[in-house]
Number of protein chains: 2
Amino acid sequence: MKTSEKNVSIQTLRRLPVYLHYLKSLGGALPAVSATIIAEALGLNDVQVRKDLGSVSGSGRPKKGYVTSELIEELEDFLGCNKHTAAVLLGVGNLGRALLSYHGFSDYGLEIVAAFDSSSKVIGSACGGKIVLPMSDLERVCKSKNVRLGILTVPSANAQTAADELVGHGIKAIWNFAPSVIKVPEGVLVENENLASSLAVLSNHLSV
Amino acid sequence: MKTSEKNVSIQTLRRLPVYLHYLKSLGGALPAVSATIIAEALGLNDVQVRKDLGSVSGSGRPKKGYVTSELIEELEDFLGCNKHTAAVLLGVGNLGRALLSYHGFSDYGLEIVAAFDSSSKVIGSACGGKIVLPMSDLERVCKSKNVRLGILTVPSANAQTAADELVGHGIKAIWNFAPSVIKVPEGVLVENENLASSLAVLSNHLSV
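In short, a report on the structure. This one's a predicted model, so the numbers in the text were calculated from it and none came from an experiment.

### A word on the relation of the copies chain B and chain A
Once chain B is rotated about the relating axis by 180° and shifted along it by 0.0 Å, it coincides with chain A to within an RMSD of 0.0 Å. Put plainly, the chains are arranged around a two-fold axis. The C-alpha atom lying nearest the rotation axis in chain B is that of B:Ala98; the distance is 2.7 Å. Of the interface residues in chain B, 100% have counterparts in chain A that sit at the interface too, so the contact is made through matching surfaces.

Next up, the structure:
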């Protein structure tokens, strides 16, 4: 991997999929594209877009900009779209079921290889083409499928325990959808997807 | 509303539901609670927690801290948990269906009053106890139910068009789950919930 990967800011990282999505949505309509065009299309600052793209692509030419197909490839490489990342999902409630049946993740190389739940009501049922497994199978699956990412859609009261299990089985990144703060050791990344927090921001705007 | 509502930072706003969730999870076990206790439980900086709580609550006492039940009430009031916010959801795919059947939103006063889709395959079907309506009904519903929030779970190619329709019908806040940047007029807030961006951060961590 390029050392630049380490040096890209979180904010840049978050924008890269948006650029990629836009470029793919062009469907070849623009053989060449500039940071300015992308910035205008997405309502972003063109200096920022130029900086973002410069940090992942070496193919930009002054004045000429980027060959669109090359830039798409560079973004896909950088984002690991062509790499395979095996993930497990813990907690098959409404949100868990949705993520299991959501097809968009494969575009980014993510495959949810198995889903787990502690409730006998859910274990054994099928969701997104997968049979929900008991937690006792977690260690075996994590090892046999070289799982590196854990998705937490458990009730928040169970989030820390579930996270501890994942970390214990070697998971290095946790995508936490539970509305709670989880503690993990150094070297493990937690990305919180807290819908309640987003809702708080929206409600506050409406109440003002 | 308190003017402080306007002055609370987005980052503070995002943490408030986490505090509220933690306090409720205590189930009355702690009649009184301090910023230090909350900070330790959530792995946050106690100066930050004290500042966050101070901005929404007047009931904290030096040394004594907060009466837990009072702080819960103050957080619920501030977050509008007891207010009713009517929302419409546009785009009844996997994610749309999940949000429609997700029960957590009512804790924050949000009610999805209707769901819309442009596909005849989906229109008329039931999801989360609601019949999916055609887009032609959007204006009528927004007006009759005083809808203030729009949730976008449409394909990203349709996100801007859908957002424009919502804004045209008086929606002041949009919760955008489509992986695209949408442009809105001054005064309309867009909260992006971009799963692809989160995934980019996680994958990058795993690739390093």
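So much for the structure itself; the text now carries on.
### Some words on the packing of helix H2 (residues 10-25) of chain A against helix H9 (residues 195-207) of chain B
Geometrically, a packed helix pair is captured by the angle between its two axes and the distance between the axes. Two numbers describe how H2(A) lies on H9(B): the axes approach to 8 Å, and their chain directions differ by 125°. With respect to each other, H2(A) and H9(B) are oriented oblique. Relative to H9(B), H2(A) is oriented so that their crossing is right-handed. In this structure, H2(A) uses A:Ile10, A:Leu13, A:Arg14, A:Pro17 and A:Val18 to contact H9(B), whose residues at the interface are B:Ala196, B:Ser197, B:Ser198, B:Ala200, B:Val201 and B:Asn204. Within the contact of H2(A) with H9(B), the residues separate by chemical class into 7 nonpolar, 3 polar and 1 charged.

### What to know about the packing of aromatic side chains
Between two aromatic rings, the relevant description is the distance of the centres plus the angle of the planes. Applying the stated criterion across every chain yields a total of 4 aromatic pairs over all chains. Considering the side-chain rings of B:Trp175 and B:Phe177, the 5.1 Å spacing of their centres and the 45° angle between planes classify their relative orientation as tilted. The exposure class of B:Trp175 is buried, given its relative accessible area of 0%. On the basis of relative accessibility, which here comes to 9%, the residue B:Phe177 falls in the buried class. One aromatic cluster is present, formed by A:Phe105, A:Trp175 and A:Phe177 through successive ring pairs.

So, how was this worked out
Residues numbered from 1 in each chain as written. Chains lettered and ligands numbered in written order. Predicted model: local features only at pLDDT ≥ 70, side-chain atom pairs only at ≥ 80, totals over all residues. Heavy atoms only, no water. Least-squares fit on C-alpha atoms with pLDDT ≥ 70 in both. Contact = heavy atoms within 4.5 Å. Axes fitted to C-alpha atoms, helices over the stretch in contact; angles between N-to-C directions. Helix = DSSP H or I, 4+ residues; strand = E, 2+ residues; numbered from the N terminus. Parallel < 35°, antiparallel > 145°, perpendicular 65-115°, else oblique. Left-handed = near helix turned anticlockwise from the far one by under 90°. Nonpolar A, V, L, I, M, F, W, Y, C, P; charged D, E, K, R; others polar. Phe/Tyr/Trp six-rings, centres within 6.5 Å; stacked < 30°, edge-to-face > 60°. Buried < 20%, exposed > 50% of the residue type's maximum accessible area, 1.4 Å probe, protein only.

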